[in-house]
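The chain contents come next:
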Amino acid sequence: MSAASGIVVVGAGQAGGWAARTLRDQGFEGRLVLLGEEAFPPYERPPLSKDVLLGKEPAAATYLWPETSFGELGIELRSGSRAAAIDRSAGAVLLEDGEAVGYDRLMLATGARVRRLAVPGADLPGVHYLRNIGDCEAIREELAEGDADLLVIGGGWIGLEVAAAGRMLGAEVVVLEALERVCGRALTPDLADHVARIHRSRGVDIRLGTTVRELIGDERVTGARLADGTILPASLVVIGIGIVPNSELAAQAGLEVENGVVVDAFGRTSDPDIFAAGDVTNHPNDLLGRRIRLESWENAQNQAIAAARAMLGGETPYREVPWFWSDQYDVNIQLVGLPADWDRTVTRGDRAADRFIEFYVKGDRLEGAAALNNPRDIRFAKRLMQAEKSVDPAALTDPAVKLQTLLRG
């Protein structure tokens, strides 16, 4: 690629920011444009539902780097710029205002958006989603007023983190989850029950198998009518029912799309001049033996770094064990892998003290692990999976056996 070539990155979030930074760090000297819809420079989303919502950190603490660093690196950061279409024949991204931004190579880091709740009253004032800095600031302002009746719709990670923050700020909190357990896609039934007990012990009312018929109120939300007719009071509602990949731009351009933008292990789409990374991608993971789409901080960062290197001719495929984390109250929850099938579950540590790790084993292979307040052991679990090491379930559960010794076998 010549020095005069141009690269455009669409999406200025975690993935887009790291893609642009990596391109410069890897020596790309051509024109580099970073297009972002939001008014903010690239930032991390996980702190929004934790320390920022609690008021422990300002929103600016989430920025990947100081805003001035983009100019210093020669990156044209264009905040508030929405891409409307891709003209592949012309090699250009068309913006909403009609401007065409040319590219030789293009990176799509368009991320995902919240899934909307389709019930009457969902657009009332006082009803929120938490995806960006503006959402977080609006929710925090209402929680800070005190005496809130917080209704959280959705018992996934975002919902539970908001519930925890609400209780810590003194709100009365009810969580409604349509499934029969919280975090149904991520946790085993037993571990999901354990997490639910943690919330209930802090005063959260968790109602499983429960859906909302409508949100009620005149000038702002005052409550919710459930499917069984029950009315719950609510002065504040936060909806967290999942996210949807922003793959429309790719689909309209004729790229292959199936539950996200389809890419190979290098982040290439069906057009060799267009790459993609982050929440929006459907990518292969040979460690798991299947294609996946991940909604995680680590994947957004590391896949973007790998894809940016591939744009410049790098030959190292993206190959990592998925890792997720959540902070709720004084409990840190971490998961590795995406276990779909396993033979045995073995536990190491003290479940009663909320300090343990569960391993999910199939044959002599570790399919995944989940830990509460045990970051050290979860790191070794990830390394065991990354190295594709054989494991002895008895050794995993024996506190006398140091997990790092299993990496030597």
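These notes cover the structure that comes with them. No experiment lies behind these values; they were computed from the predicted model shown.

1. Brief notes about empty space enclosed by the protein
Taken as a whole and judged by the stated rule, the model has 1 cavity of 30 Å³ or more. Looking at the largest cavity, its volume works out to about 50 Å³. Considering the residues around the largest cavity, the lining is formed by Leu-294, Ser-296, Glu-298, Asn-299, Tyr-318, Glu-320, Val-321, Pro-322 and Trp-323. The class makeup of the residues in the lining of the largest cavity is 5 nonpolar, 2 polar and 2 charged.

2. As for the pattern of salt bridges
For the structure shown, the criterion picks out 27 salt bridges. The salt bridge involving Glu-99 is made with Arg-78; its shortest N-O contact spans 2.5 Å. Linking Glu-99 in the loop between strand S5 (92–95) and strand S6 (100–102) with Arg-78 in strand S3 (residues 75–79), this pair joins segments that are 21 residues apart in sequence. Of the residues examined, Glu-99 reaches a relative accessible area of 30% and is grouped as partly exposed. When the shortest N-O distance is used, the salt bridge between Arg-376 and Asp-377 registers 3.9 Å. Given the relative accessible area of 9%, Asp-377 is considered buried. When salt bridges with common partners are traced through the structure, they connect Glu-37, Arg-82 and Glu-96 into a single cluster.

3. Let's talk about the packing of aromatic side chains
All told, the structure shown has 5 aromatic pairs when counted by the stated rule. Each member of the aromatic cluster is reached from another via a ring pair, and the members are Trp-18, Trp-65 and Phe-70. The cationic tip of Arg-21 hangs over the ring face of Trp-65; the distance from NZ or CZ to the ring centre is 5.1 Å. Here the basic side chain of Arg-351 rests over the ring of Phe-356, its NZ or CZ set 4.7 Å away from the ring centre.

4. Focus on the nonpolar core
Soluble globular proteins: nonpolar side chains tend toward being buried together. Grouped together as the largest cluster of nonpolar side chains are 46 residues, with contacts concentrated most on Leu-53, Leu-143, Leu-150 and Val-173. Here Leu-53 is in contact with Pro-47, Leu-48, Leu-130, Cys-136, Ile-139, Arg-140, Leu-143, Val-162, Ala-165 and Leu-169, once residues within four sequence places are set aside.

5. Some remarks on the sheet that holds strand S20 (residues 281–285)
Strand order in the open sheet formed by 3 strands is S18-S20-S21, and the pairing between neighbours is mixed. Only two strands of the sheet have a single partner each, and these edge strands are strand S18 (261–262) and strand S21 (290–292).

6. A word on helix H3 (residues 133–144)
Compared with an ideal rise of 1.5 Å per residue, which puts 12 residues at 16 Å, H3 spans 16 Å between its outermost C-alpha atoms and is within 8% of the ideal. For H3, the complete set of buried residues consists of Ile-133, Cys-136, Ile-139, Glu-142 and Leu-143. For H3, the elements touching its buried residues are strand S9 (127–129), strand S10 (149–153), helix H4 (157–168) and strand S16 (236–239). Where H3 starts, the residue carrying a side-chain oxygen 3.1 Å from the main-chain nitrogen of Gly-134 turns out to be Asn-132. Looking at the residues trailing H3, positive phi occurs at Gly-146, about 85°.

7. Some remarks on helix H5 (residues 189–201)
For H5, which comprises 13 residues, the first-to-last C-alpha distance of 18 Å matches the rise-based estimate of 18 Å (1.5 Å per residue) to within 8%. By the burial criterion, the buried members of H5 are Leu-191, Ala-192, His-194, Val-195, Ala-196, Ile-198 and His-199. Of the surrounding elements, those touching the buried residues of H5 are H4, strand S12 (205–208), strand S22 (323–328), strand S23 (331–336), strand S25 (355–362) and strand S26 (365–372). In the segment just after H5, Gly-203 is the residue with positive phi, at about 95°.

8. Focus: the side chain of Thr-281
Along the polypeptide, Thr-281 turns up in strand S20. By relative accessible area, which is 0% here, Thr-281 ends up buried. Here the side chain of Thr-281 touches Gly-278 through a polar contact of 3.0 Å, landing on its backbone oxygen. Other than its neighbours up to four places away in sequence, Thr-281 contacts Val-261, Val-263, Ala-276, Ile-292, Arg-293, Leu-294 and Gln-303.

9. Describing the packing of helix H1 (residues 14–25) against helix H7 (residues 297–311)
Two elements in contact, H1 and H7, have axes separated by 8 Å at closest approach and are oriented at 35°. Handedness of the H1/H7 crossing: right-handed. Between H1 and H7, the contacting residues are Gln-14, Ala-15, Trp-18, Ala-19, Thr-22 and Leu-23 on the first element and Trp-297, Ala-300, Gln-301, Ala-304, Ile-305, Ala-308, Arg-309 and Met-311 on the second. Residues belonging to the contact of H1 with H7 are distributed by class as follows: 10 nonpolar, 3 polar and 1 charged.

10. Some thoughts on unusual backbone geometry
A positive phi angle, near 45°, is found at Cys-183, a position not held by glycine. Within the element layout of this structure, Cys-183 appears in the loop between strand S11 (172–177) and H5. Judged by relative accessible area, Cys-183 falls into the buried class, the value being 6%. Even without a glycine there, the phi angle at Asp-354 is positive, about 55°.

About the criteria used
- Residues numbered from 1 in each chain as written.
- Predicted model: local features only at pLDDT ≥ 70, side-chain atom pairs only at ≥ 80, totals over all residues.
- Heavy atoms only, no water.
- 1 Å grid on protein atoms, 1.4 Å probe; cavity = no way out; pocket = protein on both sides within 12 Å on 5 of 7 lines; lining within 4 Å.
- Points joined across faces, edges and corners; volume = space filled by probe spheres on them.
- Nonpolar A, V, L, I, M, F, W, Y, C, P; charged D, E, K, R; others polar.
- Salt bridge = Lys/Arg side-chain N within 4 Å of Asp/Glu carboxyl O.
- Helix = DSSP H or I, 4+ residues; strand = E, 2+ residues; numbered from the N terminus.
- Buried < 20%, exposed > 50% of the residue type's maximum accessible area, 1.4 Å probe, protein only.
- Phe/Tyr/Trp six-rings, centres within 6.5 Å; stacked < 30°, edge-to-face > 60°.
- Lys NZ or Arg CZ within 6 Å of the ring centre and 35° of its normal.
- Core = buried A, V, L, I, M, F, W, Y, C linked by side-chain atoms within 4.5 Å.
- Contact = heavy atoms within 4.5 Å.
- Pairing = 2+ DSSP bridges.
- Expected span 1.5 Å × (residues − 1).
- Polar contact = N/O pair within 3.5 Å; in protein donor to acceptor, adjacent residues only side chain to side chain.
- Axes fitted to C-alpha atoms, helices over the stretch in contact; angles between N-to-C directions.
- Left-handed = near helix turned anticlockwise from the far one by under 90°.

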